[in-house]
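Chain residues, written in single-letter form:
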Amino acid sequence: MLLNRTKREMRRLNIRARKGLGQHFLIDEHALSEMIAAAELAPGDAVIEVGPGLGVLTRELAQKAGRVVAVELDDAMAVALDEKFAGDPDVEIVNADILQCDPASLVPGGSPYKMIGALPYNIASAVLRRFLESHHKPLLMVVVLQREVAQSVAAAPGDMGLVSVGVQFYGRPSIIGYVSPQGFYPSPKVDSAIVRIDVYPSPPIEVEDEAVFFDVVRGGFAAPRKQLRNSLAMGLSITSKEADGLLDSAGVDPRRRAETLSLQEWRAVYRAFIRKR
């Protein structure tokens, strides 16, 4: 069993899971197989793996892809991985903080790549942004997220949040499967989900300034339980009357809540904001 192998390996290396780094090692073999299948790897593919831990998934990736760059923050884990894959020239271990890495620097010559990993819950949203907002985006991503975050990422209008818009602006997410706490060692207190994100060559809506677009979206979610007119007024530091005019111009009912808007409606609000600004 993978659980017993994981425990033996940790004892041999004198390594403990570090709570501060959100370390929970995936030991569900079915989930690992689902991740590999969802990534649709080919022998020529380059893969960036985030948080390889003990290298269980890394080994599977190396057998399917052409090159694997595994980025591990934990110094002791990185040393152990270096030793484990010393004889495999197609696996590179990078001891670094993924949030400080430019994805383009991890793959040679700006070549296409896929990103995969069981992301630490405490930085999962930041890691998604790091890759999706990069000038060198992956072709697709297969990641393990906390169940609630995964459901928000894949949500339809009516249940959308800031993370929903932030991901769906760049790619099409789908939930592949779920992983119980017992699928990790040590077990977290929450359920998880495997999410595949097919990254678009270009966003499905056209905006002239992505930074301003997301300023408007963040403004809309400043007080998500309030009507959109009030949330936008608070988030954009404008009056409720100005927010009403903005939403009327966009063709959006000011009484709605931010969670109900589609990407196309956010684009309309953004364009109305640009016009009035």
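Analysis parameters
- Residues numbered from 1 in each chain as written.
- Predicted model: local features only at pLDDT ≥ 70, side-chain atom pairs only at ≥ 80, totals over all residues.
- Heavy atoms only, no water.
- Buried < 20%, exposed > 50% of the residue type's maximum accessible area, 1.4 Å probe, protein only.
- Helix = DSSP H or I, 4+ residues; strand = E, 2+ residues; numbered from the N terminus.
- Arc of directions from axis to C-beta.
- Contact = heavy atoms within 4.5 Å.
- Patch = residues over 30% accessible without salt bridge, like charges linked within 9 Å, V, L, I, M, F, W, Y side chains within 5 Å.
- Areas by Shrake-Rupley, 256 points an atom, 1.4 Å probe, with all protein chains shown as cover.
- Salt bridge = Lys/Arg side-chain N within 4 Å of Asp/Glu carboxyl O.
- Lys, Arg positive; Asp, Glu negative; His and termini not counted.
- Charge placed at Lys NZ, Arg CZ, Asp CG, Glu CD.
- Polar contact = N/O pair within 3.5 Å; in protein donor to acceptor, adjacent residues only side chain to side chain.
- Pairing = 2+ DSSP bridges.
- Axes fitted to C-alpha atoms, helices over the stretch in contact; angles between N-to-C directions.
- Phe/Tyr/Trp six-rings, centres within 6.5 Å; stacked < 30°, edge-to-face > 60°.

**Digging into helix α3 (residues 56-64)**
Here comes step 1: Listed as buried for α3 are Leu57, Thr58 and Leu61. Along the axis of α3, the buried positions cluster into a sector of 100 degrees, meaning they face one direction only.
Here comes step 2: Those residues of α3 that are buried lie in contact with α2 (29-39), β2 (46-50), β3 (67-72), β4 (91-95) and β5 (114-118).

**Observations concerning the environment of Ala96**
Here comes step 1: The residue Ala96 is located in the loop between β4 and α5 (103-106) in this model.
Here comes step 2: Separated by 25 residues in sequence, Ala96 and Val71 have C-alpha atoms that sit 6.2 Å apart.
Here comes step 3: Leave out the neighbours within four places in its chain, and Ala96 touches Val71, Glu72, Leu73 and Cys101.

**Quick notes on a positive patch on the surface**
Here comes step 1: Residues Arg5, Lys7, Arg8 and Arg11 make up a contiguous surface patch of positive charge.
Here comes step 2: For Arg11, a relative accessible area of 59% puts it in the exposed group.

**Here's the deal with the side chain of Asp74**
Here comes step 1: Relative to the helices and strands, Asp74 resides in the loop between β3 and α4 (75-84).
Here comes step 2: A polar atom in the side chain of Asp74 sits 3.0 Å from the backbone nitrogen of Met77.
Here comes step 3: Setting aside residues up to four positions removed in sequence, Asp74 forms contacts with Arg18, Leu21, Gln23 and Asn95.

**Some remarks on the side chain of Ser164**
Here comes step 1: Turning to its location among the elements, Ser164 is positioned in helix α8 (residues 162-168).
Here comes step 2: According to the relative accessible area criterion, Ser164 is buried, its value standing at 0%.
Here comes step 3: Excluding residues within four positions of it along the chain, Ser164 makes contact with Ser152, Val153 and Ala155.

**A closer look at the sheet that holds β3**
Two orientations exist for strands paired in a sheet by backbone hydrogen bonds: parallel and antiparallel.
Here comes step 1: Overall, mixed pairing links the 7 strands, which are arranged β4-β3-β2-β5-β6-β9-β7 in an open sheet. Strand pairing shows two members of the sheet lacking a second neighbour, β4 and β7 (171-179), which therefore form its edges. Sheet twist, expressed as the average angle between the axes of neighbouring strands with direction ignored, equals 20 degrees.
Here comes step 2: The pairing of β2 with β3 spans 5 bridges and is classified as parallel. Bridge pairing in β3 places Val50 opposite Val71.

**Points about the pattern of salt bridges**
Here comes step 1: All told, the structure shown has 13 salt bridges when counted by the stated rule.
Here comes step 2: Here Lys84 makes a salt bridge to Glu9, at a shortest N to O gap of 3.8 Å. Taken together, the residues Lys84 in helix α4 and Glu9 in helix α1 (residues 2-13) connect sequence positions 75 residues apart.
Here comes step 3: By relative accessible area, Lys84 is classed as partly exposed at 31%.
Here comes step 4: Beyond isolated ion pairs, a larger network of salt bridges with shared partners links Glu40, Arg172, Arg196 and Asp198.

**Here we look at the packing of aromatic side chains**
Here comes step 1: Under the counting rule described, the total for this entry stands at 8 aromatic pairs.
Here comes step 2: Geometrically, the ring pair formed by Tyr113 and Phe131 is tilted, given 6.4 Å between the ring centres and 55 degrees between the ring planes. Of this pair, Tyr113 sits in the loop between α5 and β5 while Phe131 sits in helix α6 (residues 124-132); the two residues are 18 residues apart in sequence, bridging distant segments of the chain.
Here comes step 3: Put simply, the rings of Phe169, Tyr170, Phe213, Phe214 and Tyr270 touch in pairs and so form one group of aromatic residues.

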